[in-house]
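# A look at the structure
As a plain string of letters, each chain reads:
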Amino acid sequence: MNAILEYFIENDKVKEVLENIKKQTGPISILGLTDVVKTCLVNTVNVCNNQKILIITYNELQAKKIYKDIKYFQRKVAFFPKKETVTYEYVAQSKDIFYERIDILNKLRDNEIEILVTTIESLMQPIISKKELYENVLDIKIGKSYNLDEIKQKLVLLGYERAELTEGRGQFSLRGDILDIATEKNSGIRIEFWGDEVDSIRTYNISSQRSVENIKRVTINPASELIIEKSEDDTTSIKNGNSIVLEYVQDFIKVLDEPTKIQARAENIVKDNQMLIKSILEKGKQVPFDIENLKNDEEVISSISKNCVYLEKQDASNYSRNQIRFRTRDVNFSRSNIEAFIEETKCKEKDKTVVVLAGTEESAKKIQEILLDNSISYKFLYELENLDLEKVNIGLGGLSAGFECYDIGLIVITGEELFTGETRRKQVSTAFSKGQKVVFADLKISDSKKSIEDSQVIPLPPALFFQFPSYTNLSKSFSSDNPLFFAYSLINGTYLFLNLLLIWEFIQSDQLE
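What counts and how
- Residues numbered from 1 in each chain as written.
- Predicted model: local features only at pLDDT ≥ 70, side-chain atom pairs only at ≥ 80, totals over all residues.
- Heavy atoms only, no water.
- Helix = DSSP H or I, 4+ residues; strand = E, 2+ residues; numbered from the N terminus.
- Expected span 1.5 Å × (residues − 1).
- Contact = heavy atoms within 4.5 Å.
- Polar contact = N/O pair within 3.5 Å; in protein donor to acceptor, adjacent residues only side chain to side chain.
- Pairing = 2+ DSSP bridges.
- Axes fitted to C-alpha atoms, helices over the stretch in contact; angles between N-to-C directions.
- Parallel < 35°, antiparallel > 145°, perpendicular 65-115°, else oblique.
- Left-handed = near helix turned anticlockwise from the far one by under 90°.
- Nonpolar A, V, L, I, M, F, W, Y, C, P; charged D, E, K, R; others polar.
- Phe/Tyr/Trp six-rings, centres within 6.5 Å; stacked < 30°, edge-to-face > 60°.
- Buried < 20%, exposed > 50% of the residue type's maximum accessible area, 1.4 Å probe, protein only.
- Lys NZ or Arg CZ within 6 Å of the ring centre and 35° of its normal.
- pLDDT = per-residue confidence, 0-100.
- Salt bridge = Lys/Arg side-chain N within 4 Å of Asp/Glu carboxyl O.
- Disulfide = S-S within 2.5 Å.
- Arc of directions from axis to C-beta.
- Patch = residues over 30% accessible without salt bridge, like charges linked within 9 Å, V, L, I, M, F, W, Y side chains within 5 Å.
- Areas by Shrake-Rupley, 256 points an atom, 1.4 Å probe, with all protein chains shown as cover.
- Lys, Arg positive; Asp, Glu negative; His and termini not counted.
- Charge placed at Lys NZ, Arg CZ, Asp CG, Glu CD.

So, about helix α2 (residues 12–23). Between its first and last C-alpha atoms α2 spans 17 Å; for 12 residues at 1.5 Å apiece the expected length is 16 Å, and the two agree. Considering only its buried residues, α2 is in contact with α1 (3–9), β1 (28–31), α3 (35–49), β15 (253–257), β16 (309–311) and β17 (322–325). Where α2 begins, one side-chain oxygen reaches toward the backbone nitrogen of Lys13, 3.0 Å away; that side chain belongs to Asn11. Two residues or fewer after α2 comes Gln24, characterised by a positive phi angle close to 55°.

Now for the sheet that holds β1. The seven strands lie next to each other as β3-β4-β2-β15-β16-β1-β17, forming an open sheet whose pairing is parallel. Of all the strands in the sheet, just β3 (77–79) and β17 have a single pairing partner and so form its edges. For this sheet, the mean inter-axis angle between neighbouring strands, taken without regard to orientation, is 20°. Of the strand pairs in this sheet, β15 and β16 are connected by three bridges, and their pairing is parallel. Bridge assignment links Leu256 to a residue of β16, and that residue is Tyr310.

In this section: the sheet that holds strand β10 (residues 197–205). The strand order across the open sheet formed by six strands is β6-β7-β8-β9-β10-β11, and the pairing between neighbours is mixed. The outermost strands of the open sheet, each flanked by one partner alone, are β6 (161–162) and β11 (211–215). On top of the sheet, helix α8 (residues 148–157) reaches β6, β7 (171–175), β8 (178–181) and β9 (187–194); it is set at about 160° to β7, its chief contact.

The topology assignment puts Glu258 in the loop between β15 and α9 (259–282). Residue contacts for Glu258: discarding those within four places in its chain leaves Lys38, Tyr58, Leu311, Glu312 and Lys313.

A word on the packing of α3 against helix α4 (residues 60–73). The geometry of α3 relative to α4 is characterised by a closest axis approach of 9 Å and an angle of 50° between their N-to-C directions. On the basis of the axis angle, α3 is oblique to α4. α4 is crossed by α3, and the crossing has right-handed handedness. Every residue of α4 that contacts α3 at Asp35, Val36, Thr39, Cys40, Val42 and Asn43 is listed here: Gln62, Lys65, Ile66, Asp69, Ile70 and Phe73. For the contact of α3 with α4, a count of residues per class yields six nonpolar, three polar and three charged.

Applying the stated criterion across every chain yields a total of three aromatic pairs. Seen from their ring centres, Phe380 and Tyr382 are 4.8 Å apart, and the 80° between their planes marks the pair as edge-to-face. Residue Phe380 is classed as partly exposed on the basis of its relative accessible area, which comes to 26%. One Lys or Arg, Lys13, reaches over the ring of Phe326 and ends 5.8 Å from the middle of that ring. Between Arg190 and the ring centre of Tyr204, over which it is positioned, the NZ or CZ distance is 4.5 Å.

Attention shifts here to the confidence of the model for the protein. When pLDDT is averaged along the protein, the result is 81, and 79% of the positions lie at 70 or above. Across the protein, the element-wise mean pLDDT spans from 42 in helix α15 (residues 431–434) up to 96 in strand β4 (residues 115–119). Below a pLDDT of 50 lies the segment residues 421–468, which in the model reaches 45 contacts outside its immediate sequence neighbourhood of four places, other chains included.

A pair can form between side chains of opposite charge whenever their charged atoms are brought close. Applying the stated criterion across every chain yields a total of 21 salt bridges. Between Glu225 and Lys83 there is a salt bridge; the shortest N-O distance is 3.9 Å. Placement of Glu225 in the loop between β12 (217–220) and β13 (228–230) and of Lys83 in the loop between β3 and α5 (96–109) is noted, with a sequence separation of 142 residues between them. The salt bridge involving Asp149 is made with Lys152; its shortest N-O contact spans 3.3 Å. In this pair, Asp149 and Lys152 are both assigned in helix α8, three residues apart and thus about one turn of the helix distant. One network of salt bridges, with partners in common, ties together Asp35, Lys38, Lys65, Asp257, Glu258 and Lys313.

Moving on: the state of the cysteines. Within the structure shown, the criterion is met by zero disulfides. Lacking any disulfide linkage, Cys40 is separated from the closest cysteine sulfur, that of Cys405, by 8.8 Å.

End to end, helix α14 (residues 361–373) covers 19 Å across 13 residues, agreeing with the expected 18 Å (1.5 Å per residue, within 8%). Burial in α14 covers these residues: Ser363, Ala364, Ile367, Gln368, Ile370 and Leu371. The buried residues of α14 occupy one face: seen down the axis, they fall within an arc of 160°. Along α14, the residues that are exposed and aim more than 90 degrees away from the buried face are Glu362, Lys365, Leu372 and Asp373. On its buried side, α14 packs onto α12 (338–344), β19 (353–357), β20 (378–381) and β21 (392–395). Of the residues flanking the end of α14, it is Ser375, one or two places downstream, whose phi is positive at about 55°.

Let us look at the side chain of Arg190. If you trace the backbone, Arg190 turns up in strand β9. Among the polar contacts made by the side chain of Arg190, one reaches the side chain of Asp180 at a distance of 2.8 Å.

Before going further, it helps to examine unusual backbone geometry. Backbone geometry at Glu258 places phi at a positive 55°, although glycine is not the residue there. Glu258 sits in the buried class, given a relative accessible area of 10%. Here the phi dihedral of Ser375 falls at roughly 55°; this positive angle occurs in a residue that is not glycine. Within the fold, Ser375 resides in the loop between α14 and β20.

On to a negative patch on the surface. Among the surface-exposed residues, Glu6, Glu10, Glu383 and Glu385 lie close enough to one another that they form a single negatively charged patch. Tracing the backbone shows Glu6 in helix α1. What makes Glu6 partly exposed here is its relative accessible area of 31%.

Below, the structure written as structure tokens:
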């Protein structure tokens, strides 16, 4: 176990939090936490109580930050992004979000996620129910017999597209008795039949189309959450869902990061959605299903408020009577603040355990040199275990920010930021910074000299202010198939190239001076 989490586990206040969550006595407010301390506490609950956790926050920027910090402690963590809804009839849209979302839903079904991070907006968006999404999942084993026509039909209902040859994710092809299903970006599943019986199952590389590894069994999950349904007249359409993500995480503990901000964000989402619907209707267009069926903010928040955990920075809360307060602070240093970093690492004088997360081995070596120069003893750990109270403990990896938790007696410093931005800035001329902004296209021949002197800009050759006839004026005199038009185009292109060359030479000569 990570040594930072061990310090949390041994603390009495943390034990009280763990006990309250385990007993599910009702909503709990945990106050005074920095963002990184929140992630430490969430990981501690997951490890000690063996409980899966859903973290809900107010926007995707904060969600990604929490996800990144949790990933330092826990690999079975995922970020569930919001669905991108469009109001246009035709739009070139990336499938990355669709694949990212379905991958997470599949992992939730297979119990491969311990901590899920998402936003209140994702929870408010409608989604297909878990039962409907997985009703056509294929489970194929070697030696068993299957109806190939039924498999092809189910693949279509699961969102796969038939192709002559699989070239990308979400496609399948049938060549004789060989069925290829592109389940991932670069790889897929190849099933070979002998009649109706499965003779072999292999993974294969999509780009080379070569088989890679033999397997005995495979489960074909949906290619997308956009599932196809068949009507009575055999026509197909996308099945719209009216459920929410909470259906997939019913056994997860609900943790709300900054509930006040979540409430405000949810209210704004509803207002924005109402204005969007009004705008679409005014244009005489049909409102997309996901926009029209956005869930009510009060309904969603009430569904996650029972036996939930509130995490807040401010030392005040009206969300729960059961409140536990911590004393924490952010600890951050820049390159210009090395002295403050050295002062913070003097753990013997402070009677606190100090951990420096260096990021990379290169940064760790630089931090060791700084500590040696200041006669501060340290201990380097490849794996952050068995911390030394008398020394500065240097480890690899990092968090988004450092912190100090007074209740635990622990200081964690992110040392990599001490060495960011070391590249020397290129010295450029101050002539441009002193002068006013000048748009050369607006200058005339008569005022060019005055404009240059008043603006203190680097003087440019007089040729640059020569007004050459424009394409617009030329088109009034000649048609595009006239030989003179081509001759003019060639001369004008050469003229522009020479002007650009002159500008570059003047800038370079000014920098040398």
